Amino acid sequence: MKFYINVMINPTLKVLDYDKRKFLESCMSVKGYSAEVERYRSVLLTGVDDRNNKQVLTLKGWNARIAQHEMDHLDGKLYIDHMDPSTFHCTCWEQNIRYLCTTFTKSKSFRQWYRDLWIPDHPCQPPYWHFTQIGDPILRTKASNVPEEAIKEPEIADFVDQMIKMLRKYNCVGIAAPQIGISLQRKTNLFMIRIGNEFGVGVGCDREKVMQ
Ligand SMILES: [Zn+2]
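Note on numbering: residues in each chain are counted from 1, in written sequence order. Totals for whole chains, interfaces and linings use all residues, but because this is a predicted model, local features are given only for residues with pLDDT of at least 70 and pairs of side-chain atoms are given and counted only at 80 or more.

Within an unreviewed UniProt entry, the label attached to the chain reads Peptide deformylase, and the organism entered is Glossina austeni. UniProt positions are given in the numbering used here, feature names are shortened, and annotations may be inferred rather than shown by experiment. Turning to the chain, the UniProt annotation filed under Sequence similarities (unreviewed entry) states: "Belongs to the polypeptide deformylase family." For the chain, the Function (unreviewed entry) comment in UniProt is given as "Removes the formyl group from the N-terminal Met of newly synthesized proteins."

If you want it as structure tokens, here you go:
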């Protein structure tokens, strides 16, 4: 299966098949958790890329799910708003316990260690090189369209470049502008989506089968 990244600016989504499928979903902005979410089987995604060329994608299964998830981000929604709450679970509690048990050093006071764990020394400004986390108001802010005359501006090209690097660095399948805090500076209706077999042949095919 071919792998490529789609940049979508000012996207709109139309449902092509109202039949829904339930599957596990996670989000880099709700880190460490997962739940089952119902999504439509097939959608039509339209928008423009960073050169203002029209993009039209008919998506099915797993890719349709990713598109719906990222579109939700631009509407200030998260998958937890649609999830089956009984399936919500922590995916890394074992690692977290190990981490918390092994990072404490006696050279720091407990108070200092605990503070460092939660409050970074140098708060940074958006666009971030980390994913905004649930609780950040940016994730609940509805993004506005990028004005057409601004689409080819270097600022947008820089955002796109940064989001692609983040997508690759964290090996995730989709990313939306609010996840790097862009909308704090400028409301930006922008997301990108990886289409193809991102997880190796086995996992990719399994997911497709479940979603069909
Ligand atoms: Zn997400």
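S.K.: What is the right way to read the overall build of the chain from this model?
M.R.: When helices and strands are counted, the chain shows 5 helices and 6 strands. Segments assigned H or I by DSSP are reported as helices when at least four residues long, segments assigned E as strands when at least two residues long, and all are numbered from the N terminus. Along the chain, helices (α) and strands (β) appear in the sequence β-β-β-α-β-α-α-α-β-β-α when read from the amino end. Burial statistics for the chain: of 212 residues in total, 29% are counted as buried. In this description, any two residues whose backbone-derived C-beta atoms lie within 7 Å of each other are considered to be in contact. Sequence separation of at least 24 residues holds for 74% of the intrachain contacts in the chain that already meet a minimum separation of 6. The exposure scheme places C-beta atoms from the backbone and then counts, for each residue, the other C-beta atoms within 10 Å of its own, assigning buried at 20 or more, exposed at 12 or fewer, and partly exposed in between.

S.K.: I keep staring at unusual backbone geometry and nothing clicks. Help me out?
M.R.: Backbone geometry follows two general trends: most residues other than glycine have a negative phi, and most peptide bonds adopt the trans configuration. Omega for the bond connecting P126 with P127 falls within 30 degrees of zero, at 0 degrees, which places this linkage in the cis form. With respect to the helices, strands and loops of the structure, P127 is situated in the loop between helix 3 (110-118) and helix 4 (154-169). At N52, a residue that is not glycine, the phi angle is positive and equals roughly 65 degrees. Note on N52: 14 C-beta atoms within 10 Å, which makes it partly exposed. The residue N171 is not glycine, and still its phi comes out positive at about 50 degrees. Looking at where N171 falls in the secondary structure, it is placed in the loop between helix 4 and strand 5 (174-176).

S.K.: Explain the nonpolar core here, please?
M.R.: Taken as a class, soluble globular proteins show a tendency for nonpolar side chains to be buried jointly. We call a set of buried Ala, Val, Leu, Ile, Met, Phe, Trp, Tyr and Cys residues a nonpolar core when their C-beta atoms link them within 7 Å. Core analysis: the biggest nonpolar cluster contains 30 residues, and M8, V43, A67, A177, F191 and M192 have the highest contact counts within it. Broken down by secondary-structure element, the contributors of at least two residues to this core are strand 1 (4-26), strand 2 (33-48), helix 1 (61-74), helix 4, strand 5 and strand 6 (190-195). Leave out the neighbours within four places in its chain, and M192 touches I5, N6, V7, M8, M163, I164, L167, G174 and I175. Ranked by size, the runner-up nonpolar core spans 6 residues in total, among them C27, V30, V37 and Y79.

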